[in-house]
Amino acid sequence: MRSECIACDECVRACPAGFGAIFRHGVTLVIVSELCSGCGKCVPVCPVDCIVDDPAWSAAPEGWWRHAGAADDPYQRRTTGPTAGVRS
Ligand code: SF4
Ligand code: SF4
């Protein structure tokens, strides 16, 4: 993503909900490449053409998705334990 971003959020709305790879970070946007499917839907909606292909990008390994939400996933939301119910 180039610096001409005007933070219009069109790319956020275009990114399929199943991926949700684009996040607002302060006054700019960040694409998390590990969450990106490579569908390209964010590129044509940008009014200032500041989303560009990364030739070095490759999809996250399939095994990463099997790990998400599993019992050993360190990012799994806790429902019990010392931090249950604590909002950050
Ligand atoms: S290419 Fe990646 S960031 Fe862009 S819309 Fe598709 S999944 Fe989202
Ligand atoms: S569509 Fe383009 S200008 Fe709008 S927030 Fe996304 S990257 Fe920025």
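Now for a look at the structure at hand. (Residues numbered from 1 in each chain as written. Chains lettered and ligands numbered in written order. Predicted model: local features only at pLDDT ≥ 70, side-chain atom pairs only at ≥ 80, totals over all residues.)

1. Here's the deal with the site of ligand 2
Here comes step 1: Of all residues adjacent to ligand 2, which total 14 residues, the nearest are Cys5, Cys8, Glu10, Cys11 and Cys46.
Here comes step 2: Taken together, the residues of the shell around ligand 2 sort by class into 12 nonpolar, no polar and two charged. (Near = placed C-beta within 6 Å. Nonpolar A, V, L, I, M, F, W, Y, C, P; charged D, E, K, R; others polar.)

2. Considering the pairing of strand β2 (residues 28–31)
If a strand is regular, its side chains alternate between the two faces of the sheet.
Here comes step 1: As judged from the four bridges shared by strand β1 (residues 22–25) and β2, these two strands associate in the antiparallel manner. Bridging from a neighbouring strand, Arg24 pairs with Leu29 of β2.
Here comes step 2: In sequence, β1 turns back onto β2 through a hairpin of two residues, with Gly26 there showing a positive phi of about 65 degrees. (Pairing = 2+ DSSP bridges. Helix = DSSP H or I, 4+ residues; strand = E, 2+ residues; numbered from the N terminus.)

3. A short note on unusual backbone geometry
Here comes step 1: Here Asp9, not a glycine, exhibits a phi torsion of approximately 70 degrees, which is positive.
Here comes step 2: Checked against the element boundaries, Asp9 lands in the segment before α1 (10–14).
Here comes step 3: Positive phi values are uncommon outside glycine, yet Asp49 reaches one of about 50 degrees.
Here comes step 4: Mapped onto the elements, Asp49 comes out in the loop between α2 (42–45) and α3 (62–67).
Here comes step 5: Of the residues examined, Asp49 has 10 C-beta atoms within 10 Å and is grouped as exposed. (Buried ≥ 20, exposed ≤ 12 C-beta atoms within 10 Å, placed from the backbone.)

4. Regarding the site of ligand 1
Here comes step 1: Near ligand 1, the surroundings consist of 13 residues, among which Cys15, Ala21, Cys36, Cys39 and Cys42 are the closest.
Here comes step 2: Tallied by class, the residues present in the shell around ligand 1 amount to nine nonpolar, three polar and one charged.

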